[in-house]
Amino acid sequence: MVLSPTSNPANNPLNPFGGLLDATALKIFTDAIDSLVADDGCTVPCTLAFGDTKCIVCNNCVFNTATQMSGGAYKTGGPIPFKTGGLCPLCNGRGKLTVECTEENIKLLVIWDARKFQGLGRGIVNNRASNSAKKPTVFAQTMSRVEYYPKLNAAKHIILNTDVDTYNHNKYKKITEGEFCGLSASTYVIFTWQLLD
Ligand SMILES: [Zn+2]
């Protein structure tokens, strides 16, 4: 969706509004969108995960080095207390957790309401049911400066709005390639994401 003004837009008879898209107008447009997608604009914190994982000792229970499994006792400071002798609810008694080892925090403009999605989903996004809550049901879109494209493209999944999601309920997978948009240049990139179970 890159719109290019003609080299001399005011003289183009096929584009009566062409003269409006001069360099000043383009700059105002780009500056306005830049302020929306900036870290201190309308963005929310998100976490990109790149799919590589590692095994760590569970931080919710006392590890039994002899059995190499959970010792069945709560470890002070862990997130989910449980009774001694019970099954650790975090690792289910395994004593170890699989965690992402490469994550990166990033701030993105998230479009939560499917009715406001940019029409760039290449036919994939057709569920545009009303959803005004900041908790998308199925799909979400993110918009950012194009400089974020490589890391967004490399991410295996994303957690949107991590400041309100401590349990990874907002975990999404990418369902489209990044789609570029902007006036006269590919300044921004939009990704469409689908909620993971
Ligand atoms: Zn545990």
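Residues numbered from 1 in each chain as written. Predicted model: local features only at pLDDT ≥ 70, side-chain atom pairs only at ≥ 80, totals over all residues.

Okay, the overall build of the protein chain next. For the protein chain, the count of helices and strands is two helices and twelve strands. Across the protein chain, helices and strands are ordered from the amino to the carboxyl terminus as β-α-β-β-β-β-β-β-β-α-β-β-β-β. Within the protein chain, the fraction of its 197 residues that count as buried is 19%. Considering only intrachain contacts with a sequence separation of at least 6, the fraction spanning at least 24 residues in the protein chain is 60%. (Helix = DSSP H or I, 4+ residues; strand = E, 2+ residues; numbered from the N terminus. Buried ≥ 20, exposed ≤ 12 C-beta atoms within 10 Å, placed from the backbone. Contact = placed C-beta atoms within 7 Å.)

Here helix α1 (residues 23–37) spans 21 Å end to end across 15 residues, near enough to the 21 Å set by a 1.5 Å rise per residue. Burial within α1 is sparse, with just one of its 15 residues counted as buried. (Expected span 1.5 Å × (residues − 1).)

Taken over all residues, the pLDDT of the protein chain has a mean of 82, while the share at 70 or more is 82%. The low-confidence segment residues 122–128, where pLDDT is below 50, has 13 contacts with residues more than four positions distant or belonging to other chains. Within the model, pLDDT remains below 50 along residues 130–136, and this stretch shows eleven contacts once partners closer than five positions in the same chain are excluded. (pLDDT = per-residue confidence, 0-100.)

Secondary-structure assignment places T84 in the loop between β5 (69–74) and β6 (96–100). The exposure class of T84 is exposed, given the 10 C-beta atoms found within 10 Å. Taking the C-alpha atoms as reference points, T84 and A73, eleven residues apart in sequence, are found 4.5 Å from one another. The contact partners of T84, leaving out residues within four places of it in the chain, are G72, A73 and Y74.

Inspection of the secondary structure assignment puts K156 in the loop between α2 (149–154) and β9 (157–159). Sequence separation between K156 and K173 is 17 residues, and the spatial gap between their C-alpha atoms is 6.7 Å. When sequence neighbours within four positions are dropped, the list of residues in contact with K156 reads A49, F50 and G51.

Turning our attention to the pairing of strand β4 (residues 61–64). Here β4 runs beside β5; their pairing, made up of three bridges, is antiparallel. From the neighbouring strand, C61 faces β5, where its bridge partner is Y74. Two successive antiparallel strands, β4 and β5, enclose a turn made up of four residues, where Q68 displays a positive phi of approximately 60 degrees. (Pairing = 2+ DSSP bridges.)

Residues C46, A140, L152, I158, L160, V189 and W193 are the most contacted members of the largest nonpolar core, which totals 21 residues. Elements with a contribution of two residues or more to this core: β2 (44–49), β7 (103–111), β8 (139–145), β9 and β12 (188–195). Residue contributions to this core peak at five residues, all from β12. Not counting residues within four places of it along the chain, the set of residues in contact with L160 comprises C46, V110, A140, N170 and Y172. (Core = buried A, V, L, I, M, F, W, Y, C linked by C-beta atoms within 7 Å.)

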